[in-house]
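Coordinate inspection notes
Next come the chains, spelled out residue by residue.
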Amino acid sequence: MMLEELRKEVWQANMALPEHGLVTWTSGNVSGRDPETGLVVIKPSGVMFNELTPENMVVVDAEGMVVEGDLGPSSDTASHLYIYNHRPDVMGVVHTHSNYATAFAAVGKSIPVYLTAIADEFGATIPCGGYAGIGGEEIGEEIMRSIGNSPAILMKQHGVFTIGKSVKKALQAAVMVEDIAKTVWMAMQIGEPEELPVEEIDANYDRYQHRYGTFEASTGISTKEG
Ligand SMILES: [Zn+2]
């Protein structure tokens, strides 16, 4: 069986969707691209999450032809492939209809940087793309037109797409966008959230993306000499 590691990684990320409450029934899907062959491993179509295994993930080529797999690939495969074919840096794609983020999508609202967590993770407004029909290349086209440098995009009256330089990074963005959307929605019930100033957004993003997790960032103690 080909791409065993990537199959396992994509299967685990798919299983993380229900674990994080991002999907229901068979909705939602994750894919990952193999940097060497360019082949994409994606969730099969119409299979319940508890029936997914690394072995029943489907391997497709850049045109969507099944290279290995007994089941059909996810019905969102064309959208995933459109992203991969237009973004060489992207190695993982996640799609969900997670409730809070999709509520913003339902009304066509982007999520501005109201919280340091949004600045940390996204560094800018999480955009909402226009409505696009499901199945063909329309969704992929609209994602490419509207996503900019964001790792996440809300798609009007549909749901969420996230991208990353790895499957794990795309999954992280999917989990974080839902968490942020939930908090912002709550905030909107009790007041009007304010956007952070640009310099605060940039400072938080820079700190979190470049230094977070290091000794220096967690303690404030410089490890550099001199
Ligand atoms: Zn969808």
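Our subject is the structure that appears above.
The structure contained in this document is the topic of the report that follows.

About the cut-offs
- Residues numbered from 1 in each chain as written.
- Predicted model: local features only at pLDDT ≥ 70, side-chain atom pairs only at ≥ 80, totals over all residues.
- Helix = DSSP H or I, 4+ residues; strand = E, 2+ residues; numbered from the N terminus.
- Rg over C-alpha atoms; globule rule 2.2 N^0.38 Å.
- Buried ≥ 20, exposed ≤ 12 C-beta atoms within 10 Å, placed from the backbone.
- Contact = placed C-beta atoms within 7 Å.
- Axes fitted to C-alpha atoms, helices over the stretch in contact; angles between N-to-C directions.
- Parallel < 35°, antiparallel > 145°, perpendicular 65-115°, else oblique.
- Left-handed = near helix turned anticlockwise from the far one by under 90°.
- Nonpolar A, V, L, I, M, F, W, Y, C, P; charged D, E, K, R; others polar.
- Core = buried A, V, L, I, M, F, W, Y, C linked by C-beta atoms within 7 Å.
- Pairing = 2+ DSSP bridges.
- Expected span 1.5 Å × (residues − 1).

In terms of helices and strands, the protein carries 8 helices and 8 strands. The globule rule puts the C-alpha radius of gyration for 226 residues at 17 Å, and the 18 Å found for the protein is close to it. Expressed as a percentage of its 226 residues, the buried residues of the protein come to 39%. Here the analysis covers contacts within the protein between residues at least 6 apart in sequence; of these, 62% occur between residues at least 24 apart.

Another point: the packing of helix α3 (residues 99-106) against helix α6 (residues 167-190). At their nearest, the axes of α3 and α6 sit 7 Å apart, and the two run at 70° to each other. Looking at the two axes, α3 sits roughly perpendicular to α6. When the axes of α3 and α6 are compared, the crossing they make is left-handed. Taken together, the residues of α6 that come into contact with α3 (itself represented by Y100, A101, A103 and F104) are V177, E178, A181, K182 and W185. Counted by class, the contact of α3 with α6 contains 7 nonpolar, no polar and 2 charged residues.

Attention shifts here to the nonpolar core. Membership of the largest hydrophobic core comes to 58 residues, with the highest contact counts inside it found for L154, L171, A174 and V177. At 11 residues, the largest contribution of residues to this core is made by α6. If near-sequence neighbours (up to four positions away) are discounted, L171 is found in contact with A13, A16, V30 and V94.

Residues three or four positions apart in an α-helix share a direction because the helix packs 3.6 residues into each turn. For helix α2 (residues 77-86), the buried fraction is high: 7 of the 10 residues fall into the buried class. Turning to α2, its buried residues number three or more, namely T77, S79, H80, L81, Y82, I83 and Y84. Along its buried surface, α2 packs onto β1 (29-33), β2 (40-42), β3 (58-60), β5 (92-96), α5 (138-146) and β8 (159-164).

Let us look at the sheet that holds β2. Reading across from one edge, β4-β3-β2-β1-β5-β8-β7-β6 is the order of the 8 strands in this open sheet, with mixed pairing throughout. Because the sheet does not close on itself, it has two edges, and the strands there are β4 (66-68) and β6 (128-129). As paired strands, β1 and β5 are joined by 4 bridges and run antiparallel to one another. Note on β5: the bridge partner recorded for N29 is H95. The strands touched by α2 are β1, β2, β3, β5 and β8; relative to β2, the strand with the most contacts, the crossing angle is about 150°. Set on the sheet, α6 makes contact with β1, β5, β7 (152-155) and β8; between it and β8 the angle comes to about 145°.

On to α6. With 24 residues, α6 should cover 34 Å at 1.5 Å per step; its first-to-last C-alpha distance of 36 Å lies within 8% of that length. Of all the residues in α6, the buried ones are V167, A170, L171, A173, A174, V175, M176, V177, E178, I180, A181 and V184.

With that settled, the discussion passes to unusual backbone geometry. Even without a glycine there, the phi angle at L3 is positive, about 50°. Here L3 shows up in the segment before α1 (4-19).

Once that is clear, we can look at the pairing of β1. For β1, the buried fraction is high: 5 of the 5 residues fall into the buried class. The side-chain alternation of β1 yields two buried faces, one formed by N29, S31 and R33 and the other by V30 and G32. Strand direction decides the pairing type here: β1 and β2, joined by 3 bridges, are antiparallel. Bridge pairing links G32 to V41 in β2. Hairpin remark: β1 followed by β2, antiparallel, with 6 residues in the connecting loop; positive phi at G38, about 80°.

With 5 of 5 residues buried, β5 lies mostly within the body of the structure. Across the two faces of β5 the burial is the same, with G92, V94 and T96 and V93 and H95 all buried. Pairing of β5 with β8 involves 5 bridges; the strand directions are antiparallel. Within β8, the position partnered with H95 by the bridge is F161.

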